[in-house]
Amino acid sequence: MSTKPPATGVAADIPLEEQLDWLRSMQEIRFFEEECHRLFARGLVRGSTHLAQGQEAVNVGACRALRVTDTMACTYRGHAAVLAKGAPLDRAFGEILGKAEGLCGGKGGSMHLTDMSVGAIGSFAIIGAHLPIVLGTALTEQYEGRDGVSLCFFGDGSTNIGAFHEALNMASIWKLPVVYVCENNLYGEYSPLATTTPIERLADRAASYGMPGVTIDGNDIGVVHETIASAVARARAGEGPTLVEALTYRHKGHSRSDPAAYRPEGELEAWMERDPIVLHERALIEAGVEQSRCEAIRTQAEADVTAALERAMSWAEPSPESRLEHVFA
Amino acid sequence: MSQTITYKQAITMAMADAMEEDERVLLFGEDVAVAGGAFKLSEGLLERFGPRRVRDTPISEQAIIGTAIGSALSGLRPIAEIMFADFAGVCFDGIANEMAKYRYMTGGQVTMPATIRLGNGAGTGFAAQHSQAVENWFLNVPGLKIVVPGTPADAYGLLRSAIRDPDPVLFFEHKHLFGTKGEVEDAPALVEIGRAEVVRPGTDVTLVATQLMRLRAVAAAEALSAEGISVEVIDPRSLVPLDVATIGESLDRTNHLVVAQESSHDGSWGATLVARLMATHFESLDSPPLLVGGDDTPIPYAGPLEELWIPSVDRIADGVRRTLAYGHPA
Ligand SMILES: Cc1ncc(C[n+]2csc(CCOP(=O)(O)OP(=O)(O)O)c2C)c(N)n1
Ligand SMILES: [Mg+2]
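Positions within a chain are numbered from 1, following the residues in the order the chain's sequence is written. As they are written, the chains are lettered A onward and the ligands numbered 1 onward, keeping that order. The predicted nature of this model means local features are confined to residues of pLDDT at least 70 and side-chain atom pairs, given and counted, to a pLDDT of 80 or more, with totals for whole chains, interfaces and linings taken over all residues. Where side-chain values are given, they derive from all heavy atoms of the structure, hydrogens and water being excluded.

1. Describing the overall build of chain A
Secondary structure is summarised from DSSP: a helix means a run of H or I of at least four residues, a strand means a run of E of at least two, and numbering begins at the N terminus for each. Of the regular secondary structure elements, chain A holds 11 helices and eight strands. Between the two quantities, the radius of gyration covers C-alpha atoms and the globule rule is 2.2 Å times the number of residues to the power 0.38. On C-alpha atoms alone, chain A measures out to a radius of gyration of 19 Å, which is about the 20 Å that the 2.2 N^0.38 rule sets for 329 residues. Along the three orthogonal principal directions, the C-alpha set of chain A runs to about 50 × 50 × 40 Å. Scored against the burial criterion, the 329 residues of chain A give a buried share of 57%. Each residue is placed in one exposure class: buried if its accessible area under a 1.4 Å probe, protein chains only, is under 20% of its type's maximum, exposed if it is over 50%, and partly exposed if it falls in between.

2. With respect to the confidence of the model for chain B
In regions of low pLDDT, the predicted coordinates are not meant to be interpreted in detail. Here pLDDT means the predictor's own confidence in every residue, given as a number from 0 to 100. With 100% of its residues at a pLDDT of 70 or more, chain B shows a mean pLDDT of 97. Across the predicted assembly, pTM comes out at 0.97 and ipTM at 0.96.

3. A word on the coordination of the magnesium ion (ligand 2)
Residue and element names in this part refer to chain A. Here the coordinating atoms are restricted to nitrogen, oxygen and sulfur within 2.8 Å of the metal centre, or 3.2 Å for Na, K and Ca, and because water is not among them the sites may look incomplete. Coordination of the magnesium ion (ligand 2) by the protein involves Asp 156 (OD), Asn 185 (OD1) and Tyr 187 (O), with metal-donor separations of 2.0 to 2.2 Å. All donors of the magnesium ion (ligand 2) belong to a single chain; written as a sequence motif, their spacing is D-x28-N-x1-Y. Of this pair, Asp 156 sits in the loop between β3 (150-155) and α6 (162-173) while Asn 185 is found in the loop between β4 (178-184) and β5 (187-188), placing the two residues 29 residues apart along the sequence. Neither Asp 156 nor Asn 185 differs from the other in exposure class; each is buried.

4. Structural notes on the pattern of salt bridges
All names here are of chain A. We define a salt bridge as a contact between a side-chain nitrogen of Lys or Arg and a carboxyl oxygen of Asp or Glu at a distance within 4 Å. One pass over the full model with this rule turns up 36 salt bridges over all chains. In this structure, Arg 64 engages Asp 21 in a salt bridge whose closest nitrogen and oxygen atoms are separated by 2.9 Å. Note that Arg 64 is positioned in the loop between α2 (56-63) and β1 (71-75) and Asp 21 in helix α1 (residues 16-41), a separation of 43 residues in sequence. Its relative accessible area of 23% is what places Arg 64 among the partly exposed residues.

5. Description of the sheet that holds strand β14 (residues 290-292) of chain B
All names here are of chain B. Strand pairing is assigned whenever DSSP detects at least two bridges linking the two strands. Ordered in space as β9-β11-β10-β13-β14, the five strands form an open sheet in which the pairing is mixed. In this open sheet, the two edge strands, each paired with only one partner strand, are β9 (197-200) and β14. Along the sheet, successive strands turn relative to each other by an average axial angle of 25°, direction set aside. Sheet topology note: the strand β10 (residues 205-209)/strand β13 (residues 257-260) ladder contains four bridges and is parallel. Counterpart to Ala 209 in the pairing with β13 is Ala 260. The sheet contacts of helix α9 (residues 269-281) involve β10, β13 and β14, and relative to β13 the element is tilted by about 165°. Here, residues are in contact when the closest pair of their heavy atoms is within 4.5 Å. The axes are straight lines fitted to the C-alpha atoms, using for helices just the contacting stretch, and the angles between their N-to-C directions are given from 0 to 180°. Contacting β10, β11 (231-235), β13 and β14, helix α11 (residues 313-325) runs over the sheet at an angle of about 170° to β14.

6. Points about the confidence of the model for chain A
Averaged over every residue, the pLDDT of chain A is 96; residues scoring 70 or more account for 98%. This stretch, residues 1-7 of chain A, has a pLDDT under 50; its non-local contacts, to residues over four places away or in other chains, come to 16 contacts.

7. Observations regarding the sheet that holds strand β2 (residues 25-29) of chain B
Residue and element names in this part refer to chain B. Pairing in this open sheet of seven strands is mixed, and the strands run β3-β2-β4-β5-β7-β6-β12 from one edge to the other. Each end of this open sheet is capped by a strand with a single partner; those strands are β3 (54-56) and β12 (238-240). The average angle at which neighbouring strand axes cross in this sheet is 20°, direction not considered. Packing against the sheet, helix α3 (residues 61-73) makes contact with β2, β4 (77-84) and β5 (115-120), and its axis sits at approximately 165° to β4.

8. Points about the interface of chain B and chain A
Listed per partner, the contact involves 43 residues of chain B and 36 residues of chain A. In total, about 3300 Å² of surface goes out of reach between chain B and chain A, with carbon and sulfur atoms giving 62% of it. When two parts are put together, the accessible area they lose, computed with a 1.4 Å probe and summed over both, is reported as buried area. The three residues of chain B that bury the most area against chain A are Tyr 104, Met 105 and Gln 109 of chain B, which together make up 20% of that side's buried surface. In the analysis that follows, any N or O atom pair within 3.5 Å is treated as a polar contact, provided that within protein one partner can donate a hydrogen and the other can accept it, and provided that, for residues neighboring in sequence, both atoms belong to side chains. Counting the contacts that link chain B with chain A gives 18 residue pairs in polar contact (both at pLDDT 80 or more).

9. Things to note about the site of ligand 1
Residues and elements named next belong to chain A. Around ligand 1 sit 15 residues, and of these Tyr 76, Arg 77, Ala 125, Gly 157 and Ser 158 come closest. Between ligand 1 and Tyr 76, the relevant distance is 2.7 Å, taken from an oxygen atom to a side-chain nitrogen or oxygen of the residue. One nitrogen or oxygen atom from the side chain of Glu 189 is found 3.2 Å from a nitrogen atom belonging to ligand 1. Accessible areas in this description were obtained via Shrake-Rupley with a 1.4 Å probe; residue shielding takes into account the shown protein chains only. Relative to its unbound accessible surface of 580 Å², ligand 1 loses 73% to contact with the protein. As a working rule, the residues Ala, Val, Leu, Ile, Met, Phe, Trp, Tyr, Cys and Pro are called nonpolar, Asp, Glu, Lys and Arg charged, and the rest polar, with Gly in that last group. Each residue belonging to the shell around ligand 1 can be placed in one class, and the counts come to six nonpolar, six polar and three charged. When at least one non-hydrogen atom of a residue lies within 4 Å of a molecule or strand, that residue is treated as near it.

10. Here we look at unusual backbone geometry
Cis geometry is found at the peptide bond from Val 240 of chain B to Pro 241 of chain B, where omega equals -5°. Along the chain, Pro 241 of chain B turns up in the loop between β12 and α8 (244-254). Phi is positive for Lys 175 of chain A, which is not a glycine, with a value near 50°. One can find Lys 175 of chain A in the loop between α6 and β4. Overall, the relative accessible area of 47% leaves Lys 175 of chain A in the partly exposed class. Unusually for a residue other than glycine, Arg 237 of chain B sits at a positive phi of about 70°. Relative to the helices and strands, Arg 237 of chain B is located in the loop between β11 and β12.

11. Quick look at the side chain of Glu 30 of chain B
Residues and elements named next belong to chain B. Tracing the backbone through its elements, the reader meets Glu 30 in the loop between β2 and α2 (45-49). Among buried charged residues, Glu 30 stands out as having no salt bridge; its nearest opposite-charge side chain is Arg 117, 12 Å away. Reaching out from Glu 30, the side chain makes a polar contact with the backbone nitrogen of Ser 60 at a distance of 3.4 Å. Ignoring sequence-local partners within four residues, the contact set of Glu 30 consists of Asp 56, Thr 57, Pro 58, Ile 59, Ser 60, Glu 61, Ile 64, Glu 81 and Met 83. Counting rule applied: Lys, Arg positive; Asp, Glu negative; His and chain ends not counted.

12. Considering the environment of Gln 109 of chain B
With respect to the helices and strands, the residue Gln 109 of chain B is situated in the loop between α5 (102-105) and β5. The class for Gln 109 of chain B is partly exposed, based on a relative accessible area of 26%. Between the alpha carbons of Gln 109 of chain B and Val 148 of chain B there is a distance of 29 Å; along the sequence they are 39 residues apart. Contact partners of Gln 109 of chain B, with chain neighbours within four places excluded, come to Leu 103, Cys 104, Thr 114, Asp 115 and Met 116 of chain A together with Arg 103 of chain B. Within the structure, the side chain of Gln 109 of chain B is placed 3.0 Å from the backbone oxygen of Leu 103 of chain A, a separation counted as a polar contact. Among the polar contacts made by the side chain of Gln 109 of chain B, one reaches the main-chain amide nitrogen of Met 116 of chain A at a distance of 2.8 Å.

13. Some details on the packing of α1 of chain A against helix α11 (residues 291-314) of chain A
Residue and element names in this part refer to chain A. Relative orientation of the contacting elements α1 and α11 amounts to 45°, with a least axis distance of 8 Å. Classified by the angle their axes make, α1 and α11 are oblique. α11 is crossed by α1, and the crossing has right-handed handedness. Residues Glu 17, Leu 20, Leu 23, Arg 24, Gln 27, Glu 28, Phe 31, Phe 32, Glu 35 and Leu 39 of α1 form the contact with α11, whose participating residues are Arg 293, Cys 294, Ile 297, Arg 298, Ala 301, Glu 302, Asp 304, Val 305, Thr 306, Leu 309 and Met 313. Of the residues that constitute the contact of α1 with α11, the class distribution is 11 nonpolar, two polar and eight charged. Note that the term roughly parallel is reserved for angles under 35 degrees, roughly antiparallel for angles over 145, roughly perpendicular for angles of 65 to 115, and oblique for everything else. The sense of a crossing depends on the near helix, which, turned anticlockwise from the far helix by less than a right angle, makes the crossing left-handed and, turned clockwise, makes it right-handed.

Encoded structure:
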């Protein structure tokens, strides 16, 4: 695999109708995250919340290359990935609001959205924790002679934790059907990548595990989809794991309390020019889609998010007894 | 018909029988396949069940635990071996933060039928980093079952139960007991997790101990019987769930409690047991409960020093005598 040509924003071999659905999904996620931001400001979200505006193309492009029966694990910055895998908007809001009908019954919260029914097997808030866990889900597929794939999202900073090394090494030696997707958004918390990591291209690390490594434009959903689809096909065929480094950018700070003052002047603006939703919309229109169609999708996405939030807000708090449930089976 | 087997053979047999019974059971760890395990506990399993089900891993404890978690939540029944329990330190997050909490944090969306076998305990001269009673590290992590067999029959029966259990089980195998022998049926019985065993009935004092300390507690009880002291020895066999009821019922009859443990005091299972019984059976006690344990030091290497650290039969017997002498100065 090699680095893809410059951004086009559409995938040549995917029907436009399907790509319009990618747009819908990215729009929903964008509105969802903006609502989360507001909910936090209103004191309705406990702890912290880590938003993914700007990174939607990585999550949606990658998850759309998976089957619903394939599994996906992600980080605390995971609302987008879990929604992209197919979790319902209202129950995701419900979890973040700590409601009984939330995805995890209010026991996980913003950092731990999980929906096993769509293969979103967990959002992990200990850096690197899930990289070894997907070895196990992938092993089950290999063990049972099935062709399911496990996809694992993580950040650039997460490539410096030991679990990254153990996981990629073992995935490769056992030829497990895993696709490791590094969302390189240039920062780990407040530290620019260059201050923590002695190499620029994180995909280069794949070489020491004897697996393919590829760096792509993570804001071009067409490129993301195509790259992940070929890594998934490789995994399904029993040829082992791939490391994909998707270059992207988070529009907001690390977490709700971070104004991101450490960013150099002009950096955010430059990346806003390459907003993945804008890029995809523009490309769809160039490919012949009516602008009004894109606008309708946006309006519908906003309305769906608003309605989902209203439903979630109306749901009950978890019962006091529920706190004692689910420690053991 | 019954047979005599070693603790080590019991573990091997339990894994083999479980793999025979259930196709979803597999074993992985460092050197468990081709070499048959660092302690030879999986000898013959690769030959019998093949490389799909018996697998060598790299030296990667985080990857081993992660593989156990992921395969358990997706439908397999993994047995993962952590060669020396002390290595739990390098995969503590996987055990304590991920495996233990997965079901809870997802609101019950997953079950986690993983068994982690860990080589535990002192007495074999491995020094401070390969000898600890590591079960104590995990007592304060809700969501884990903790099993501590002391005999071949319990090692077999509890391991079979652990593998069938829908929850994560830490199965501690005491290294000093591998060669000890015991009777089991030809088709040995499963042992329910969470049921203490009254090893030796008695009327004067309740003596609670696990693993190597169980053997020494029985020896101490035998020595004391010659002095006319009747000791009831109880082995909890699992620390989570802990069968406080059986121990409490004994205490109601004997009115004296001694715990022998291969651990220093703070944060230990013995201290936890004493605290719980003080709260619920205070009125039954005729003397302060006594913990006989290791010093508050790492475990020393030299033979005579390690022997001083680990509670001996004499120290346990002396603890019982002192407890019974409470309020009756000589
Ligand atoms: C083991 C561990 N160490 C530190 C943290 C605190 N922490 C949370 S997010 C984060 C930055 C991670 O950066 P990156 O992997 O690039 O992901 P991003 O937040 O950019 O998506 C850190 C250090 C943690 N959660 N876990
Ligand atoms: Mg980052």
